[in-house]
Every structure is written in C-alpha cells, then in structure tokens.
Amino acid sequence: MPELGKLALAIALVLAIYSIVANIYGLRRNQPDFVVSARHALWSMCAMVTIAVVALWTALLRSDFSLEYVAAYSSTTLPTVYKITSLWGGQQGSLLFWTWLLSIFTSIAAFQNRRRNPEIAPYALAVLAGVAIFFLGMLNFVTRPFDFLAVVPPEGADLNPLLQNYWMAIHPPSLYTGYVSATVPFAFGAAALITGKLDDAWIRSTRRWAIFSWFFLTLGNMFGARWAYEVLGWGGYWAWDPVENAAFMPWLVMTAYLHSVMIQERKDMLKIWNLSLIGLAFGLTLFGTFITRSGVISSVHSFTQSGLGPYFLTFLIIVTLAYIALLIFRSNQLRSPADFESYLSREAAFLFNNLFLVGIAFAVFWGTIFPVLSEAVRGVKITVGPPFFNRVNGPLALGLVFLMGVGPLIAWRRTTADNLLKSFAAPIILGVSSGVVAAAMGIRQWYVITALSLAAFVMGTIIVEFRRGMNARRHMVSEPRAKALVNLVAKNNRRYGGYVIHVGVIVAFVGIVGSSFFRTDVKKSVHPGDSFTIGSFTLRFLGLKQVETAHLETATARVEVLRADGREITVMEPSKLFYKRPQQPATKVAIRSTPFADLYVVLAGIDDVGESATFEVFLTPLVFWLWAGGLLMVLGTVIVMWPNVRERAAIAVVLSGAGAPAGDRAPASDAAPGGD
Amino acid sequence: MRVRPRFYFGGALIALAVAYLIFSAVRSTSEYYLTVAEVNARQAELGSQALRVAGRVKDGTISWEPNSLTLKFVIVPIPDPAAASPVQAVSIKAPADASFGVICVGQPKPDMLAPGRDVIVEGKLGADGVITATQVMTSCPSKYQPKQSQ
C-alpha cells in the first residue's frame, strides 16, 4: 500500500506538468482537444493524490510502523479518531493533505469551468497546476510521506498529547481549506492578468470560492482560538504568536477583498487594488507556511526546522515577482476611470475599511517579522509581544468598527446632510447612550467606553437596515412582519447574510474587549479543605483522585464553587494528565461558562506527596460572546452562500452575454430597497 | 491618468495613522531577544531593559516551592543544533562561563519545564546576575508541529 502511495504521487506530478503543457499548447495552437485533455489530466491527478492519501491513512490505521511517518506520529494505543487526524499531525502528512485539498479544488474549478470562461479558465487551471507542481515536487523529492525505516520499531512515538483534542482534529483541516481555496480566486486573477481579460468575470466566477475560503479561514482561526483556550491553560485564546498571525493575516486580506470587489462590480473602480489583494492573500498563505517551517522567526512553539523554508521562500519570491510583473505589464488597462465623488459615500467607506484591514494586516506582519528586521538593521533581535499588537490594532479596530456601521447605511456616490441625519440619528443616539450607561456602571477605560458605544452604534445601523427592508416589503407586498423579515433575507441573501456576519463580528468584538480588559486571576497553593476567592466566587479544594490507564495517568482535583451567599453552584474537576508516550504532562482545564463570565480553573501542579495542589483560576467576563459571535458569523456566511436563483440567472446572463452593459450588472442583492 | 486627490489624501491619512501607531508601539513595547551567551556578552549595557532570553534548563537546578509559587532554575546556552550529533541526549553540557539564575515568583510551574528543555524567559537582569522573570515559556518538544498548534 505505501508503495502504491509513493507511485501515485510520482504519477500525479507528471500529470500536473502534462496538464500545463497541454493547456498552453492547446490554447496557443487552437487545439481544443488538448485543453480538454489538460482538464482530464487534472482530474486524474486528483485521483492519484487521493490514492496517496488513502494509502497513508491505511498505514496509520494499520499501525504500519515500517513507514517513518506512522512511527513518528502514531502508536497502537492512539484512539482511532486521532490515527485519522495524524494525517495532518506531522509535516509530510500535512503537506500531503494540503496537496490533496488543492487537487480537489482544482478539479472542482475545472469541472465548473468546463464550458464557462473559455478564455481565462484554461490559464487559471494552468496556474493551479503550477501551484500543484510545487507541492507535488516537495512531496516527491523533499519531504516524502512514504519513506521507510530500516528497522521497524515495535511501537510508534505517538501523536503529541496537546494535539489529541477534538478542536485540534478540526482546526487544521479548516485552516488548510481556507488557505488552499484562496488559490482558486488567485489563479483566476492571475489568468485575467495573463490574458488581459480584465473585466470582472474573474471575480464573478470565483466569488463563491472567495467566500468559501473566508468562511474556512474564520472557522480555522476560531477553532484554533478555542483550542488554545481549552487546552493550553493560560486563560487566554490569542497570544499573537507568529503561528497565529500567519493564520490571521490572510483572513484580514480576504475580508478586505470580499468588500472591495463589491466596489469594482458596482463602480468599476479599484481593479488593480482587487488584483493586488488576491495576490497578497495567496502570498500570505505561502508566507505563513514559510515562517512556520523555516525557523527564521522564533516562537514558543519551537518550529521543526525542516529545511522546507528555503523552498517556500523561493516559490513565494517567484510567485510574487511574476505577479507584480503581470500587474505592471497590464497597468495601462487597470487604471480606474474616476475618483470617488465624496468622502460621504459608500465607496469611500468601503475603501477606508479596506485600508484599515490592510493596515491591521501590515501591523501584524511588521510585528511578526520585526525580530528579523531589527537583527538585520541593528544587529540585535528585538521582539514585540502582545502589547505591541494590542496597542496598534486596538485603535485600528475601532476605526474599522465605526466604518462597519457607516458603510451599509450611507448612499453610493454622495450623501446629503439631511440623508445622513435621517439614517444615523437613531444609531448615534443608541451608541452615545450605551457609552453613557457604561460610564455610569463604573467603567473608566476610554477604550472600553468607545468600543461599547461603537458596537451599539453598528448594531443600531443594522437594525435600521433590517427595518427599512422589512417596511418596504410590508408596503409593497403587504406581508406580515415575520414573513417580511424571512423573505427579505431569503431574497437578498448576500446582503442580509452579510449583516448577520457583521452582527457576529460585533458580538465577538464585545467578547474580545470584555475578556481583554476585565480578566482577573488568582494563583494559590492549597491543602484539601482550604478555600480561596476570586471575584464573588469562593472555591474550596476538596481533594485529589488519581487514575491510571495504559495510555496516561490522570490526577483530578475536585473544587467546590460557592457563591457569595454561600450557596454551592457546582463542583469543578480540573485535571493534570501524564502521558506515557512520549512522557509528557498536560493540563485539562475546567471551565464554567456563562454569558456574564467564564470561571476557568487550572490544576497547575500537585506536590509529590499528593497533598497540596496549586491552582490558577481566571475569571474572564464576556468571553462567551466571542464564541457566540463566531457562531453568528458561521450562520451569516451560510445565508450568504445559500444558492440564490436570481443570482444564478444573473451570472448565466453575464457569462453567456460576454460583457452585458454596465447598467444591467447590478448584483441581485442591491435590488433591495433602502440601499441606494 | 486622472488625478484623484480624495483617494490619495484619505489613503495617506490612514497610512500615516498606521505608521504612527506602529512606530510608537515599537518604542514602548520592544524587548531584546537574546540568547544566554549574548546576555553574557552584553551584561553591562542591558540595565533594566526588558529581555527575552532563550536558554536551556541546566540539570539539577530546578527548585519549586508551591506554597509561595517560587520557581528557580539556571539556564545555560542552547548548543548549536548543527554541531550536535543526532543521537545526543536531551541534556547537554554547557560551557561553564555562561549561565544565569532565574527566579520567577507568582506563576505556576509550566508543565513542560524539565532539565534539558529549552525555555524562553521574559524578565529583567538584576545587578546580581539573576534574571527576575515575569514569565517562563517552554518550547514544545521538537516533534511538535506548528501548523497544528496555532
């Protein structure tokens, strides 16, 4: 079986190379048969990579330790589900998984465009095949998943215990899906540049891919944060570590891209900006892989310095230079016709929201590579930690939130003072009064007061938007309220799904602000029967119980939680785990989550005789809302992606009509009342 | 190409704001990231500068007092991985000249802290050559795969 996987990867590489050659030859010599053949080659490539993945999974499930990879990342005692997730537990496997996703997405794109986009699709598929060649080259020559061990060990080294967690089972696939699916819009953008077909066909045909990618990047970041919160035991969920930043930057840029393409579709502006953003998003996915594999940037996660770094850097540089060259080559055709007419316009709000997002991404990038820069310039490595990121991104986030409120309500082109007042009076009152209430409740930090006011302001604008749409429906088709609301969302799913995502972002933002500013913690070493307090809670340590299994030893503390009035609320059981292979301790946190605050109890240590225990307890207000906001963002994205009959019809018209007049190209979602 | 003053003015304003925020935040939050050997070489000039020191925990030096949450250990330079033979044991003898005591009060002992493990110590170097740490971070074992780890 492993031999088969090895062979399949070699064939896949040959097929990817063939596909590029056949595509280009077919287009240049006008031989459609070769273009068809190139497409078939991509499908076969996908089948080959699938065989390799199945081969590795089979080896993992059968604990075939003759394979180096299986011996390094699995064991006979590993639970089956983690044998499956071991596929992406190590470097070779995770690259194979990446390549698999890429080949699947490439195949889907090839299928979607088998009749559509005859001019740019073959080039886009050639770009996708080019990316696949890089990854398949790595898998065949540099970091091979199917290497054998000379001596077969009786037992494997096991998967790192920290990764034996359900969030870790779903976090990497989500993030990879987000990373890899960004390649499709990138490839179409590149194809538009290569062919000079620079209308927005490339954007339209990959809009769903972009949203899909954004969706999985969102999920990936959320799952990662949740994993860090539940598993790492430091009470937080985000530490601005380079690895986290590597996942966050593409998300920021994709967010900017999803907004700015709306301006191109409406106003035919920002062409060069959109092409740059999608290039940047793709480059950042490679950059993320580069910094996590190369060891040039130190992280507490001590990266395996695997020698992959130079390959990724070289590929990144080639892709970047080629893309910039294309942008320069086409720059005459990319000039946008006009300035926007007024700062008080939706175009301006969208453009500035883009600049804020890219500004945040740049700040994160700067902070991430700062040690390398300072070492090159000043000869000493200077790091900037979480305070840097919070200090820079905090104010920028406020600007972004403000624009989230302004953008959707303000008119395209220009807005009169009268109009502004009408639209924004209620949200502004809501925002200001929320700030006053917060101050009256004793909150003194200016940042928190501003953040809460702005959050309320944005919520106000979204409510106004929904009400406008509902009222319009009630007048036009005289529907009752609830039905009007449902129909409003169903008929304009992109627009109103987008607002649901905005609500999610605001809810998450409030969670982040609350948990960042008001977290308290207590560290205490206690004997059984002792108690200590945090906030209004009293915690009493009842005792330890120890259990041993084949896989691990567990020490669990029982901690009784009492309210201020002495009533018992619950008993929490944080534990400490000692894995036997590899010998490594781990922490299992006990969390009691409520919408007001999370009580987070860590059994930080037990003494050798097993009498006293050290606890670290965090009381984190509002962190619940971060996860709730994440769920709302998921819901909103599902609404956005829901198949929409009108939109499909519109795409069909554009694609068959090849350049309908600009007036007809307004997306379906803008047909909703109130926006224009 | 038509002149588009609104574009450029608004864009420049935001770019300046970002640049200013980055500049001022770098000044106020930067920490020197040094190895034990570098701290040793620059000892005189470091003063009360915030430091992040990468080193390896010396065998037999860890002391942990749970009641007062006091952790003490000694760090030595991390040997150059290129020079190390692949079968080298976890703990490695370090040159005797570069080593610093670390004291960290009020934090729980990290799970992974063990002799021979690589750590990053955040804190300040005192006149007595002891690093008073606010935080001790342990590097995960080398097989730990960063892509999965967030």
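Residues numbered from 1 in each chain as written. Chains lettered and ligands numbered in written order. Predicted model: local features only at pLDDT ≥ 70, side-chain atom pairs only at ≥ 80, totals over all residues.

Caption draft 1: Seen up close, the overall build of chain A. Counting secondary structure elements, chain A contains 21 helices and 11 strands. Dimensions of chain A along its principal axes, counting C-alpha atoms only, are 80 × 70 × 60 Å. Taking all 676 residues of chain A together, 51% fall into the buried category. Counting contacts in chain A only where the partners sit at least 6 residues apart, residues at least 24 apart contribute 71% of the total. (Helix = DSSP H or I, 4+ residues; strand = E, 2+ residues; numbered from the N terminus. Buried ≥ 20, exposed ≤ 12 C-beta atoms within 10 Å, placed from the backbone. Contact = placed C-beta atoms within 7 Å.)

Caption draft 2: Local environment of the overall build of chain B. When you go through chain B residue by residue, the secondary structure sums to three helices and seven strands. Across chain B, helices and strands are ordered from the amino to the carboxyl terminus as α-β-α-β-β-β-β-β-β-α. Per-residue burial for chain B yields a buried fraction of 33% across its 150 residues. A separation of at least 24 residues holds for 59% of the contacts in chain B among residues at least 6 apart in sequence.

Caption draft 3: The arrangement of the packing of helix H9 (residues 201-231) of chain A against helix H10 (residues 242-267) of chain A in detail. Residue and element names in this part refer to chain A. It is at 9 Å that the axes of H9 and H10 come closest, and there the two elements cross at 150 degrees. Classed by the angle they form, the pair H9 and H10 counts as roughly antiparallel. Note that H9 runs across H10; the crossing there is left-handed. Contacts between H9 and H10 involve Ile-203, Ala-210, Ile-211, Ser-213, Trp-214, Leu-217, Thr-218, Gly-220, Asn-221 and Gly-224 on the former and, on the latter, Glu-244, Ala-247, Phe-248, Pro-250, Trp-251, Met-254, Thr-255, Tyr-257, Leu-258, Val-261, Gln-264 and Glu-265. The residue inventory of the contact of H9 with H10, partitioned by class, reads 13 nonpolar, seven polar and two charged. (Axes fitted to C-alpha atoms, helices over the stretch in contact; angles between N-to-C directions. Parallel < 35°, antiparallel > 145°, perpendicular 65-115°, else oblique. Left-handed = near helix turned anticlockwise from the far one by under 90°. Nonpolar A, V, L, I, M, F, W, Y, C, P; charged D, E, K, R; others polar.)

Caption draft 4: Spatial organisation of the nonpolar core. Residues A:Ala124, A:Val253, A:Ala281 and A:Ala455 are the most contacted members of the largest nonpolar core, which totals 197 residues. Non-local contacts of A:Ala281, meaning those with residues more than four positions away in its chain, are made with A:Ala182, A:Phe186, A:Pro250, A:Val253, A:Met254 and A:Tyr257. Core analysis: the second largest hydrophobic core is formed by 25 residues, B:Tyr33, B:Val102, B:Val119 and B:Met137 among them. (Core = buried A, V, L, I, M, F, W, Y, C linked by C-beta atoms within 7 Å.)

Caption draft 5: Seen up close, the pairing of strand E6 (residues 118-125) of chain B. Residues and elements named next belong to chain B. The pairing of strand E2 (residues 51-57) with E6 spans six bridges and is classified as antiparallel. The residue of E6 that forms the bridge with Val-53 is Val-121. Across seven bridges, the pairing between E6 and strand E7 (residues 130-138) is antiparallel. The partner of Gly-123 across the bridge, within E7, is Ala-133. As consecutive antiparallel partners, E6 and E7 are separated by four residues, and within that stretch Gly-129 has a phi angle of approximately 80 degrees, a positive value. (Pairing = 2+ DSSP bridges.)

Caption draft 6: Looking closely at the sheet that holds strand E9 (residues 590-593) of chain A. Residues and elements named next belong to chain A. Here we have four strands laid out as an open sheet, ordered E2-E11-E10-E9, and antiparallel in their pairing. Two strands bound the open sheet, and with one partner strand each, they are strand E2 (520-526) and E9. When the angles between neighbouring strand axes are averaged without regard to direction, this sheet yields 15 degrees. Bridge analysis of E2 against strand E11 (residues 613-621) gives seven bridges, and the strand direction is antiparallel. Bridge pairing in E11 places Val-522 opposite Val-617.

Caption draft 7: Up close: unusual backbone geometry. All names here are of chain A. Despite not being glycine, Ser-63 shows a phi value in the positive range, around 50 degrees. Looking at the element boundaries, Ser-63 is found in the loop between helix H2 (32-61) and helix H3 (68-73). For Ser-63, a count of 17 C-beta atoms within 10 Å gives the class partly exposed. One non-glycine residue, Leu-622, adopts positive backbone phi at about 65 degrees. Turning to its location among the elements, Leu-622 is positioned in the loop between E11 and helix H20 (623-641). For Leu-622, a count of 22 C-beta atoms within 10 Å gives the class buried.

Caption draft 8: Examining the environment of A:Ser331 more closely. You can see A:Ser331 is positioned in helix H13 (residues 331-334). Remark: the alpha-carbon pair of A:Ser331 and A:Leu193, spanning 138 residues in sequence, is separated by 9.6 Å.

Caption draft 9: Broad picture of the pairing of E9(A). Residues and elements named next belong to chain A. Two strands pair when backbone bridges link them, and E9 and strand E10 (residues 597-606) are joined in this way by four bridges, in the antiparallel orientation. When the sheet's bridge partners are listed, Ser-593 is paired in E10 with Asp-598. Count of turn residues in the E9/E10 antiparallel hairpin: three residues.

Caption draft 10: Spotlight on the confidence of the model for chain B. Residue and element names in this part refer to chain B. Taken as a whole, chain B shows an average pLDDT of 77; of its residues, 77% reach a score of 70 or greater. Within the model, the stretch residues 82-96 combines pLDDT values under 50 with 12 contacts to residues more than four positions away or in other chains. Scored below 50 in pLDDT, residues 141-150 makes 34 contacts in the model with residues more than four places away or belonging to other chains. The complex model carries a pTM of 0.89, and its ipTM stands at 0.80. (pLDDT = per-residue confidence, 0-100.)

Caption draft 11: Structural view of the environment of A:Thr58. Residues and elements named next belong to chain A. Along the polypeptide, Thr-58 turns up in helix H2. You can call Thr-58 partly exposed: it has 15 C-beta atoms within 10 Å. In this structure the C-alpha to C-alpha distance between Thr-58 and Val-36, which are 22 residues apart in sequence, comes to 33 Å.

Caption draft 12: Molecular detail of the packing of helix H1 (residues 2-28) of chain A against H2(A). All names here are of chain A. Interaxial distance between H1 and H2 falls to 7 Å at its minimum, and their mutual angle equals 165 degrees. Here H2 runs roughly antiparallel to H1, going by the angle between their axes. The two elements H1 and H2 meet at a crossing, and its hand is left-handed. For the contact of H1 with H2, a count of residues per class yields 26 nonpolar, six polar and one charged.

Caption draft 13: Molecular detail of the confidence of the model for chain A. All names here are of chain A. Scored by pLDDT, chain A comes out at a mean of 87, with 92% of its residues at no less than 70. Of all the helices and strands in chain A, helix H21 (residues 645-657) carries the lowest mean pLDDT, 58, while H2 carries the highest, 96. Throughout residues 657-676 the model reports pLDDT below 50, and contacts reaching past four residues in sequence, or to other chains, amount to 31 contacts.

Caption draft 14: Seen up close, the environment of A:Leu60. All names here are of chain A. Along the chain, Leu-60 falls in helix H2. Spatially, the C-alpha atom of Leu-60 lies 5.9 Å from that of Lys-83, the residues being 23 residues apart in sequence. Discounting residues that sit within four places of it in the chain, Leu-60 has contacts with Val-70, Ser-74, Lys-83, Ser-86 and Leu-87.

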